[in-house]
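Below, each chain spelled out in residue letters.
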Amino acid sequence: MSDEDATLSGAGQVRLRPTIVVVACIDDRSVGRMLRLDKPSVVIGRDAAADFAINDERLSRRHASITRDDKGFVMLDLRSLNGSYVNGRRWPSHRLQDGDSVRLGGTVFRFFDGQPRLRDDLVDAMNHELNNATACVRGNLDYLAHAYRAGTLVREEFEEILMDCTQSLERIAAFVRDNTPGR
């Protein structure tokens, strides 16, 4: 991890780069994906040309943007069909705060503003994100066990679910690696 990703700020604090993390999604393979907010503006949507493309049919092609200004970050709905929600409330535009939950279509993100935070707060946030990703893996494994017992499991489906689980575990490992200072 580079010094730009996370730095110790003294007094038990950690500073992360501004980031959004997928914590829940119709497409389980997207859970745990992260986007560092390094550019002045990023577009989120299902279009492959979006800065953060998510496979979610409830997302518009260009659903929302997150823009950095001199006061922080602003989420702007780009006239999407299903709207953009921050902490459960629909907003056409909203100034994001650290820890905000952003729902676009069927995808939920957590916003981290990059400000110093206490290590305990960071650990709590990481545990939350890891629990969500772990639940997706567990759900896939439960489905495999049920399909196997019912005799309906086919090899191609097994291989696809196994690949989804592997990718989720890789995202969990990357999240921990990228957000653990001093590693």
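The structure this text deals with has already been given above.
Figured I'd write up the structure that's included with this text. (Residues numbered from 1 in each chain as written. Predicted model: local features only at pLDDT ≥ 70, side-chain atom pairs only at ≥ 80, totals over all residues. Heavy atoms only, no water.)

Re the nonpolar core
Short version of the rule: Definition used in this section: a nonpolar core is a set of buried Ala, Val, Leu, Ile, Met, Phe, Trp, Tyr and Cys residues joined via side-chain atoms within 4.5 Å. When accessible area is computed with a 1.4 Å probe and restricted to protein chains, residues below 20% of their type maximum are described as buried, those above 50% as exposed, and intermediate ones as partly exposed. Only DSSP runs of H or I with at least four residues qualify as helices, and only runs of E with at least two residues qualify as strands; both kinds are numbered from the N terminus onward. We call two residues in contact whenever any of their non-hydrogen atoms come within 4.5 Å of each other.
Among the nonpolar cores identified, the biggest contains 19 residues, and I20, L37, F52, I66 and F109 are the most heavily contacted of them. Those elements giving two or more residues to this core turn out to be β3 (19–24), β5 (41–45), β7 (64–69), β8 (72–77), β12 (101–104) and β13 (107–112). Contact partners of I20, with chain neighbours within four places excluded, come to R33, M34, L35, L37, I44, F52, I66, F109, R110 and F111.

A word on the sheet that holds strand β6 (residues 52–53)
Put simply, the rule is: When DSSP finds at least two bridges between two strands, those strands are taken to pair.
Across the sheet, five strands lie side by side as β6-β5-β7-β8-β11; this open sheet has mixed pairing. With one partner strand each, in any of the chains shown, β6 and β11 (93–96) form the two edges of the open sheet. Sheet analysis places β8 next to β11, joined by four bridges and oriented antiparallel. Bridge pairing in β11 places V74 opposite R95.

So, the pattern of salt bridges
Here is the rule we go by: A pairing counts as a salt bridge when a side-chain nitrogen of Lys or Arg comes within 4 Å of a carboxyl oxygen of Asp or Glu.
Following the criterion strictly, the structure yields three salt bridges and no others. Where D51 meets K39, a salt bridge forms, and the shortest distance between an N and an O atom there is 2.5 Å. Linking D51 in the loop between β5 and β6 with K39 in the loop between β4 (34–36) and β5, this pair joins segments that are 12 residues apart in sequence. Taking relative accessible area as the criterion, D51 reaches 33% and is therefore assigned partly exposed. A salt bridge links E159 to R155; its shortest N-O distance comes to 2.8 Å.

Points about unusual backbone geometry
Even without being a glycine, R79 presents a positive backbone phi close to 60°. Inspection of the secondary structure assignment puts R79 in the loop between β8 and β9 (84–86). Residue N87 is not a glycine yet carries a positive backbone phi of 50°.

Observations regarding the pairing of β13
Burial within β13 is extensive, with six of its six residues counted as buried. What sits between β12 and β13 in their antiparallel hairpin is a turn of two residues, with G105 showing a positive phi close to 60°.

Topic: the packing of aromatic side chains
To keep it simple, the criterion reads: Put simply, two rings from Phe, Tyr or Trp (the six-membered ring, in Trp's case) pair if the centres are within 6.5 Å, and we call them stacked under 30 degrees between planes, edge-to-face over 60, tilted for the rest. Two conditions define a charge located above a ring, namely a distance within 6 Å from the ring centre to NZ of Lys or CZ of Arg, and an angle within 35 degrees of the ring normal.
In the structure shown here, the tally under the stated rule is two aromatic pairs. With a centroid separation of 5.9 Å and 50° between ring planes, the pair formed by F52 and F109 is classed as tilted. With F52 in strand β6 and F109 in strand β13, the pair connects residues that are 57 residues apart, well separated along the chain. Taken together, a centroid distance of 5.5 Å and an interplanar angle of 65° make the contact between F73 and F111 edge-to-face. Remark: F111 occurs in strand β13 and F73 occurs in strand β8; sequence separation between them is 38 residues. Of the two residues, F73 and F111, neither departs from the other in class, the shared state being buried. Across the ring face of Y85, the terminal group of R103 is positioned such that the distance to the ring centre comes to 4.1 Å.

What is shown is where atoms sit, not what they do.
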